[in-house]
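One letter stands for each residue in the lines below.
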Amino acid sequence: MSDTRIRLLQEEDWGELVALEQRAYAASGLSEGETALRSRHRASPSTCFVLEHAGGFGGYLLALSYPLFRCPDLSLAEEGEVQGSNLHLHDLVIAERARGRGLAHRMHQHLEEAGRTTPYRTLSLVAVHGSQALWAALGYRARPHIGLPASYGAEAVYMTKPLDITVPSRLQAPLPGPERADANVSTPTLFRPS
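Residues numbered from 1 in each chain as written. Predicted model: local features only at pLDDT ≥ 70, side-chain atom pairs only at ≥ 80, totals over all residues. Heavy atoms only, no water.

1. Observations regarding the overall build of the chain
Across its full length, the chain carries four helices and eight strands. If you list the helices and strands of the chain from N to C, you get β-α-α-β-β-β-α-β-α-β-β-β. By sequence separation, contacts in the chain at least 24 residues apart represent 71% of the contacts at least 6 residues apart. With the model as given, the accessible surface of the chain reaches about 8300 Å², and the carbon-plus-sulfur share is 52%. (Helix = DSSP H or I, 4+ residues; strand = E, 2+ residues; numbered from the N terminus. Contact = heavy atoms within 4.5 Å. Areas by Shrake-Rupley, 256 points an atom, 1.4 Å probe, with all protein chains shown as cover.)

2. A look at the environment of R42
Within the fold, R42 resides in helix α2 (residues 34–43). Given the relative accessible area of 54%, R42 is considered exposed. Spatially, the C-alpha atoms of R42 and L64 are 9.1 Å apart, while their sequence positions differ by 22 residues. (Buried < 20%, exposed > 50% of the residue type's maximum accessible area, 1.4 Å probe, protein only.)

3. So, the pattern of salt bridges
The final tally for this structure, using the stated rule, is ten salt bridges. With a closest N to O distance of 2.6 Å, E32 and R40 form a salt bridge. For E78, the salt bridge goes to R40, with nearest N and O atoms at 2.4 Å. Of this pair, E78 sits in the loop between β3 (56–65) and β4 (86–94) while R40 sits in helix α2, placing them 38 residues apart in sequence. (Salt bridge = Lys/Arg side-chain N within 4 Å of Asp/Glu carboxyl O.)

4. Quick look at the pairing of strand β7 (residues 157–162)
Within β7, five of the six residues are buried, which leaves the element mostly enclosed by the surrounding structure. Inspection of the sheet shows strand β5 (residues 122–127) paired to β7 by six bridges, in the antiparallel sense. Following the sheet pairing, L123 is matched in β7 by K161. Sheet analysis places strand β6 (residues 141–142) next to β7, joined by two bridges and oriented antiparallel. Of the residues in β7, the one forming a bridge with A142 is M159. (Pairing = 2+ DSSP bridges.)

Encoded structure:
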């Protein structure tokens, strides 16, 4: 896909990012708002990416260092940078016009590659909107005993994956719909793996 590129999130991306996040999560009550989203970026700007697709904004991925078996509260902004060996995939959303092309999987692979070049040993996320099976296919394991902030709703599940695990090529097919790392998969495909 020569018309697709993944790059670091920049200041000029925020308008489109916030609008896409609203479209993906407002109806389910999972939208965080710009202040919280910006705080996640400030906590780890080197692990927050934008997808450029067909000459426009195609989606985003926010990830940050976070203690294993914990996750950000969607209703609170981050207060600072956290260091550790776990990289938390907080949010992955693909724009409506770019869905169905395997771009969420491509962004996830980019995050794994970035994580392997640093001291990270694990990835974590919060699966929402019934997306646990999708994340399990990518090597994540559900940790239902981990308590989550109420802001994720009752159906959310915390999941982890060792960074040394790779997904067999037969599972590398395009992911359906909107993708949000906080593992939200809904009919716009999104993952809010926070």
